[in-house]
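Residues per chain are reported as follows:
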Amino acid sequence: MEWLISILIVLPAFYLAASRSSYLLDYVFFVVALNRGIRRLVDYYINEAFNPLSTISLTPLVVSALLLLPVLGRFNQLSPKTRKIAALITLALVHGLAVGVLNSGIGAVYSMGEWMAGFGAFLFAATAPVSSATADRWLKSSGYAALLVALYGWYQYLTIPPWDAFWVTEVKFVGYLGQLRPTEMSVFSTMHERGPCASFLAWAAIPMILHPRWRILGGWLTILLLFSVVLLTLSRSMLIIVALVALLQPALSKGRGLGRVLFFAALLSIGANYGLEHMPGAERIQQRFETVKDIQNDGSYQGRLEILTTGIPWVLKHPLGLGLGSSGFGAGRIGGGAKEGWCDSGYIEVFSQFGWIGGLAFFAAMAQIWNELTRRIRQGGKDAFLFTGRAVLLGCLVFLYVGNVFGGFSLFWVFLGISLNRLTKPVVKSRQVVPAVIPSMPWDMPRTALG
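**Points about the overall build of the chain**
The helix and strand inventory of the chain stands at 19 helices and zero strands. When the 451 residues of the chain are sorted by exposure, 53% land in the buried category. Considering only contacts within the chain whose residues lie at least 6 apart along the sequence, 77% involve residues at least 24 apart. With the model as given, the accessible surface of the chain reaches about 20400 Å², and the carbon-plus-sulfur share is 66%.

Pasting the structure below:
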């Protein structure tokens, strides 16, 4: 039954890929959002046992991999600058895979699939011959998928469905996620953990905050709904990243969108002062987020700082790194866990997976993305993707302190891909050379005029 359901999930993606449909990317958002929830229902009602190697959990990797099929036929649609960016990221992945196969075996292949899910989405969005309406639709599809996650998140928080309680017990997350009682458990909704749930919701909300063209049904009310569930996940880092990206947008764009950011800040302030105290389990939520005020003494902050300080000397002593499969999905899939993974510090994890060569190539690619977006803006580019793309890129690089956000499918990969698409290239008007007018002299005039 697991295989049958997995096939039913994947088949529409095969059809969309074969027909070169732009709706393939829309479909991927919903598979990424809902597959783990489907898996838990199958484990509870059909298997009546937890299967840690369920094929349903692999469906996001499969449908994301299908994004590469259309890319192969339109790679020439990339601009020369974007081809260079793709080459640098490919160098990092190839190096990580080669070292990872030697160290982790099949786990490296799984991790490669996880990375390619994000990188494939980037290439798909960058090469697609699409209109602004299609690009906007992709972001709205992410928003609607996040809306489903948020609505189920509240249902989960208030009821604790038996299939979710079964999964929490089987993976031994009781305590870590709280207690299996309504309003006493951190929300993970249809995702596989509370952190990825918060990340999916926050990245879907960021474009809605920054520009009205990317908002879905409900507008600002939907944005507040998404953020209410981010609060229920008790994930503080995503709130910080959203605030950072929202502030970077007007700062990098000469004040563009400042009014929307201020309006969003006012909504959050009203929600925090009047809405939070009426939320079920408000005291537990407030205690969690009050620790941000004393970040220097926060255990999570200090732990990540320690990983960073101990990880830098380790990276300097291991120029080849450990390769893909040493941490993340690949390590978990083969059952051994991370050998020396640094999953709580994205900067260290990038170098531990890619080594010096791959790590430097990866960050060189990020610098090239920044340079290309800046170049298009200076050439007169006015598309909102260009201005917001730089804020999104910086936000992701800051988020690397918390974890490796790049190592999987995420909306920001799609956003950066659209930002580098030929769609956003400014139209450079060619200068017309006007010949100089030389006054005629008497001897240049017709004979009849000379008399």
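Still more ground to cover, so stick around.
**What about the nonpolar core?**
Membership of the largest hydrophobic core comes to 118 residues, with the highest contact counts inside it found for Trp138, Trp203, Phe406 and Val414. With seven residues, the next largest nonpolar core counts Ile160, Ala165, Val168 and Met185 among its residues.

**Some words on helix α1 (residues 2–18)**
Spacing of three or four residues puts side chains on the same side of an α-helix, whose turn is 3.6 residues. With 17 residues, α1 should cover 24 Å at 1.5 Å per step; its first-to-last C-alpha distance of 24 Å lies within 8% of that length. Those residues of α1 lying buried are Glu2, Ile5, Ser6, Ile9, Val10, Ala13, Leu16 and Ala17. Contacts made by the buried residues of α1 are with α2 (23–47), α3 (59–65) and α4 (68–73).

**Observations regarding unusual backbone geometry**
The backbone of lysine 172 sits at a positive phi, close to 60 degrees, despite the residue not being glycine. Residue placement: lysine 172 occurs in the loop between α8 (162–170) and α9 (194–210). By relative accessible area, lysine 172 is classed as exposed at 70%. Of note, threonine 183 is a non-glycine position whose phi angle comes to about 70 degrees, a positive value.

**Remarks on the packing of aromatic side chains**
Tallying each qualifying case throughout the model produces 28 aromatic pairs. On the numbers, 4.9 Å between centres and 50 degrees between planes, the contact of tryptophan 214 with phenylalanine 385 is tilted. Linking tryptophan 214 in the loop between α9 and α10 (220–233) with phenylalanine 385 in helix α17 (residues 384–399), this pair joins segments that are 171 residues apart in sequence. We note that tryptophan 214, like phenylalanine 385, is buried. Measuring from ring centre to ring centre gives 5.7 Å for tyrosine 347 and phenylalanine 363, while their planes differ by 15 degrees; the resulting arrangement is stacked. For tyrosine 347, a relative accessible area of 29% translates into the label partly exposed. Through successive ring pairs, a cluster of aromatic residues spans Trp115, Phe119, Phe122, Trp203, Tyr347, Phe351, Phe354, Phe362, Phe363, Phe406, Phe412 and Trp413.

**Regarding the environment of serine 228**
In this fold, serine 228 is placed in helix α10. A relative accessible area of 13% places serine 228 in the buried class. Through-space distance from the C-alpha of serine 228 to that of glycine 153 is 9.6 Å; in sequence the pair is 75 residues apart. The residues contacting serine 228, other than those within four sequence positions of it, are Trp154 and Met279. Only 3.0 Å separates the side chain of serine 228 from the side chain of tryptophan 154, close enough to count as a polar contact.

**Details of a nonpolar patch on the surface**
Together, Met1, Trp3, Leu4, Ile7, Leu8, Leu11, Leu41, Tyr44, Tyr45 and Ile46 line one region of the surface with nonpolar side chains, adding up to about 1000 Å² of accessible area. Listing elements by their share of the nonpolar patch, those giving two or more residues are α1 and α2. Ranked by residues supplied to the nonpolar patch, first place goes to α1 with five residues. Note that tryptophan 3 resides in helix α1. Taking relative accessible area as the criterion, tryptophan 3 reaches 62% and is therefore assigned exposed.

**A few points about the packing of α2 against α8**
A pair of packed helices can be characterised by two numbers: the angle between their axes and the separation between those axes. Running from N to C, α2 and α8 cross one another at 95 degrees; their axes reach a closest spacing of 9 Å. As far as their axial angle goes, α8 and α2 are roughly perpendicular. Listed contacts from α8 to Arg40, Leu41, Asp43, Tyr44 and Tyr45 of α2 are Pro162, Trp163, Asp164, Phe166 and Trp167. Classifying every residue of the contact of α2 with α8 gives seven nonpolar, no polar and three charged.

**Some details on the environment of leucine 316**
Summarising the element assignment, leucine 316 is placed in helix α14 (residues 299–317). The class of leucine 316 is exposed, set by a relative accessible area of 57%.

**Considerations on the side chain of arginine 137**
Within the secondary structure layout, arginine 137 lies in helix α7 (residues 132–159). A polar contact of 3.0 Å, which involves the side chain of arginine 137, links it to the side chain of serine 22. Setting aside residues no more than four positions away along its own chain, arginine 137 makes contact with Ser22, Tyr23 and Asp26.

**Notes on the confidence of the model for the chain**
One rule of thumb: low pLDDT means the predicted coordinates there are not for detailed reading. When pLDDT is averaged along the chain, the result is 84; 86% of the residues meet or exceed 70. Under a pLDDT of 50 for its full length, residues 332–341 has, in the predicted model, 22 contacts with residues more than four places off or in other chains. Contacts from residues 440–451, a stretch scored under 50 in pLDDT, to residues over four places away or in other chains number two contacts.

**Let's talk about the side chain of asparagine 35**
In this structure, asparagine 35 sits in helix α2. Within the structure, asparagine 35 has its side chain in polar contact with the side chain of arginine 36 (distance 3.4 Å). Here asparagine 35 is in contact with Ile56, Ser57, Thr59 and Pro60, once residues within four sequence places are set aside.

Rules used in this analysis
- Residues numbered from 1 in each chain as written.
- Predicted model: local features only at pLDDT ≥ 70, side-chain atom pairs only at ≥ 80, totals over all residues.
- Heavy atoms only, no water.
- Helix = DSSP H or I, 4+ residues; strand = E, 2+ residues; numbered from the N terminus.
- Buried < 20%, exposed > 50% of the residue type's maximum accessible area, 1.4 Å probe, protein only.
- Contact = heavy atoms within 4.5 Å.
- Areas by Shrake-Rupley, 256 points an atom, 1.4 Å probe, with all protein chains shown as cover.
- Core = buried A, V, L, I, M, F, W, Y, C linked by side-chain atoms within 4.5 Å.
- Expected span 1.5 Å × (residues − 1).
- Phe/Tyr/Trp six-rings, centres within 6.5 Å; stacked < 30°, edge-to-face > 60°.
- Polar contact = N/O pair within 3.5 Å; in protein donor to acceptor, adjacent residues only side chain to side chain.
- Patch = residues over 30% accessible without salt bridge, like charges linked within 9 Å, V, L, I, M, F, W, Y side chains within 5 Å.
- Salt bridge = Lys/Arg side-chain N within 4 Å of Asp/Glu carboxyl O.
- Axes fitted to C-alpha atoms, helices over the stretch in contact; angles between N-to-C directions.
- Parallel < 35°, antiparallel > 145°, perpendicular 65-115°, else oblique.
- Nonpolar A, V, L, I, M, F, W, Y, C, P; charged D, E, K, R; others polar.
- pLDDT = per-residue confidence, 0-100.

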